[in-house]
Amino acid sequence: MRPLTVGLAGLALALAPLAAHAQSAPAAPAAPAGASAAAPAAIPAAPGAMSVEKTSIGDLLADPGAKAVIEKDMPALVAYPGLDQIKGMTLRDISVYPEAQLDDAKLTSIQKDLDAAKK
(Lines give C-alpha, C1' and ligand atoms only; values in the text may rest on other atoms or scores of the structure.)
Protein backbone atom coordinates (compact mmCIF):
# COMPACT_ATOMS: atom_id res chain seq x y z
CA MET A 1 0.00 0.00 0.00
CA ARG A 2 2.91 2.34 0.76
CA PRO A 3 4.27 2.28 -2.85
CA LEU A 4 0.80 3.14 -4.17
CA THR A 5 0.48 6.06 -1.76
CA VAL A 6 3.96 7.32 -2.62
CA GLY A 7 3.23 6.88 -6.34
CA LEU A 8 -0.01 8.82 -6.14
CA ALA A 9 1.65 11.56 -4.12
CA GLY A 10 4.38 11.79 -6.75
CA LEU A 11 1.79 11.96 -9.50
CA ALA A 12 -0.03 14.75 -7.71
CA LEU A 13 3.18 16.73 -7.51
CA ALA A 14 4.07 15.95 -11.12
CA LEU A 15 0.67 16.93 -12.51
CA ALA A 16 0.28 20.07 -10.39
CA PRO A 17 1.46 22.28 -13.27
CA LEU A 18 -1.44 20.91 -15.35
CA ALA A 19 -3.95 22.19 -12.84
CA ALA A 20 -2.28 25.57 -12.67
CA HIS A 21 -2.26 25.81 -16.46
CA ALA A 22 -5.88 24.73 -16.72
CA GLN A 23 -6.90 27.54 -14.38
CA SER A 24 -4.97 30.36 -16.01
CA ALA A 25 -4.55 29.08 -19.59
CA PRO A 26 -2.75 32.08 -21.09
CA ALA A 27 -2.47 32.35 -24.83
CA ALA A 28 0.42 30.40 -26.30
CA PRO A 29 3.34 32.60 -27.26
CA ALA A 30 3.97 33.08 -30.95
CA ALA A 31 6.83 31.12 -32.46
CA PRO A 32 9.95 33.16 -33.12
CA ALA A 33 10.39 34.40 -36.67
CA GLY A 34 11.98 31.76 -38.83
CA ALA A 35 11.09 28.94 -36.44
CA SER A 36 8.72 26.28 -37.62
CA ALA A 37 7.02 24.39 -34.84
CA ALA A 38 5.55 21.29 -36.42
CA ALA A 39 2.23 20.43 -34.88
CA PRO A 40 1.78 16.76 -34.03
CA ALA A 41 -0.18 14.78 -36.57
CA ALA A 42 -3.86 14.43 -35.69
CA ILE A 43 -4.93 11.00 -34.53
CA PRO A 44 -8.20 10.11 -36.25
CA ALA A 45 -11.05 8.50 -34.35
CA ALA A 46 -13.37 5.86 -35.74
CA PRO A 47 -16.83 7.19 -36.70
CA GLY A 48 -18.90 7.62 -33.57
CA ALA A 49 -15.97 6.99 -31.22
CA MET A 50 -14.69 9.44 -28.66
CA SER A 51 -11.43 11.16 -29.54
CA VAL A 52 -8.13 11.86 -27.77
CA GLU A 53 -8.01 15.01 -29.91
CA LYS A 54 -11.50 16.47 -29.44
CA THR A 55 -13.28 14.83 -26.51
CA SER A 56 -12.72 16.43 -23.11
CA ILE A 57 -11.36 14.36 -20.25
CA GLY A 58 -14.61 15.03 -18.39
CA ASP A 59 -16.67 13.60 -21.26
CA LEU A 60 -14.35 10.58 -21.54
CA LEU A 61 -14.82 9.84 -17.83
CA ALA A 62 -18.60 10.34 -18.04
CA ASP A 63 -18.89 7.57 -20.65
CA PRO A 64 -18.60 4.08 -19.09
CA GLY A 65 -16.75 2.54 -22.05
CA ALA A 66 -14.30 5.41 -22.40
CA LYS A 67 -13.79 5.56 -18.64
CA ALA A 68 -12.79 1.88 -18.67
CA VAL A 69 -10.22 2.67 -21.37
CA ILE A 70 -8.80 5.58 -19.36
CA GLU A 71 -8.71 3.48 -16.18
CA LYS A 72 -6.77 0.80 -18.07
CA ASP A 73 -4.43 3.00 -20.08
CA MET A 74 -3.95 5.92 -17.66
CA PRO A 75 -4.87 4.85 -14.12
CA ALA A 76 -2.85 7.71 -12.64
CA LEU A 77 -5.08 10.24 -14.42
CA VAL A 78 -8.22 8.84 -12.80
CA ALA A 79 -6.59 9.12 -9.36
CA TYR A 80 -5.12 12.59 -9.99
CA PRO A 81 -6.29 14.94 -7.20
CA GLY A 82 -6.55 17.91 -9.58
CA LEU A 83 -8.68 16.01 -12.08
CA ASP A 84 -11.62 18.41 -11.74
CA GLN A 85 -9.39 21.26 -12.88
CA ILE A 86 -8.40 19.56 -16.15
CA LYS A 87 -11.69 17.91 -17.11
CA GLY A 88 -12.28 20.55 -19.77
CA MET A 89 -9.01 19.69 -21.52
CA THR A 90 -8.44 16.87 -24.00
CA LEU A 91 -5.78 14.18 -23.73
CA ARG A 92 -3.98 15.94 -26.60
CA ASP A 93 -4.10 19.18 -24.59
CA ILE A 94 -2.38 17.65 -21.56
CA SER A 95 0.12 15.75 -23.71
CA VAL A 96 2.24 18.91 -23.98
CA TYR A 97 3.17 18.46 -20.31
CA PRO A 98 5.93 15.89 -19.73
CA GLU A 99 4.29 14.96 -16.42
CA ALA A 100 1.32 13.54 -18.32
CA GLN A 101 3.57 10.95 -20.00
CA LEU A 102 1.49 11.07 -23.18
CA ASP A 103 3.39 10.90 -26.45
CA ASP A 104 1.87 10.27 -29.88
CA ALA A 105 2.37 6.50 -29.51
CA LYS A 106 0.44 6.44 -26.22
CA LEU A 107 -2.30 8.69 -27.61
CA THR A 108 -2.61 6.41 -30.66
CA SER A 109 -2.88 3.37 -28.39
CA ILE A 110 -5.58 5.05 -26.29
CA GLN A 111 -7.45 6.07 -29.46
CA LYS A 112 -7.41 2.47 -30.73
CA ASP A 113 -8.86 1.34 -27.39
CA LEU A 114 -11.54 4.06 -27.55
CA ASP A 115 -12.41 2.98 -31.09
CA ALA A 116 -12.71 -0.63 -29.97
CA ALA A 117 -14.85 0.36 -26.97
CA LYS A 118 -17.36 2.01 -29.29
CA LYS A 119 -17.96 -1.18 -31.29
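That block above? That's the structure.
Notes on the structure in this doc start here. Just so we're clear, the structure is a prediction, and the values are computed from it rather than from any experiment.

## Describing unusual backbone geometry
Now for step 1: You will see that Gln101, though not glycine, has its phi angle at about 55 degrees, which is positive.
Now for step 2: When you line up the elements, Gln101 lands in the loop between helix 6 (91–94) and helix 7 (104–118).
Now for step 3: Classification of Gln101 as exposed rests on a relative accessible area of 67%.

## Observations concerning the packing of helix 3 (residues 64–73) against helix 7
When two helices pack together, you describe them by how their axes are tilted relative to each other and by the distance separating the axes.
Now for step 1: As a packed pair, helix 3 and helix 7 sit with axes 9 Å apart at the nearest point and diverge in direction by 145 degrees. Taken as a pair, helix 3 and helix 7 cross one another with a handedness that is right-handed. Each of Gly65, Ala66, Val69, Ile70, Lys72 and Asp73 in helix 3 lies in contact with helix 7, whose residues at this interface are Lys106, Ser109, Ile110, Asp113, Leu114 and Ala117.
Now for step 2: Of the residues in the contact of helix 3 with helix 7, the class split is 6 nonpolar, 2 polar and 4 charged.

## What about helix 3?
Because an α-helix packs 3.6 residues into every turn, residues spaced three or four apart end up facing the same way.
Now for step 1: Among the residues making up helix 3, those that are buried are Ala66, Val69, Ile70 and Asp73. Seen from one end, helix 3 has its buried residues packed into an arc of 95 degrees, which puts them on one side. Facing away from the buried side of helix 3, by more than 90 degrees, are the exposed residues Pro64 and Lys72.
Now for step 2: Elements in contact with the buried residues of helix 3: helix 2 (57–62), helix 4 (75–79), helix 6 and helix 7.
Now for step 3: Near the N-terminus of helix 3, the side chain that reaches the backbone nitrogen of Gly65, with its oxygen 3.2 Å away, is that of Asp63.

## Section: the nonpolar core
Now for step 1: Ile57, Ile70, Leu77, Leu91, Ile94, Leu102 and Ile110 are the most contacted members of the largest nonpolar core, which totals 22 residues.
Now for step 2: Those elements giving two or more residues to this core turn out to be helix 2, helix 3, helix 5 (83–86), helix 6 and helix 7.

Conventions and cut-offs
- Residues numbered from 1 in each chain as written.
- Predicted model: local features only at pLDDT ≥ 70, side-chain atom pairs only at ≥ 80, totals over all residues.
- Heavy atoms only, no water.
- Helix = DSSP H or I, 4+ residues; strand = E, 2+ residues; numbered from the N terminus.
- Buried < 20%, exposed > 50% of the residue type's maximum accessible area, 1.4 Å probe, protein only.
- Axes fitted to C-alpha atoms, helices over the stretch in contact; angles between N-to-C directions.
- Left-handed = near helix turned anticlockwise from the far one by under 90°.
- Contact = heavy atoms within 4.5 Å.
- Nonpolar A, V, L, I, M, F, W, Y, C, P; charged D, E, K, R; others polar.
- Arc of directions from axis to C-beta.
- Polar contact = N/O pair within 3.5 Å; in protein donor to acceptor, adjacent residues only side chain to side chain.
- Core = buried A, V, L, I, M, F, W, Y, C linked by side-chain atoms within 4.5 Å.

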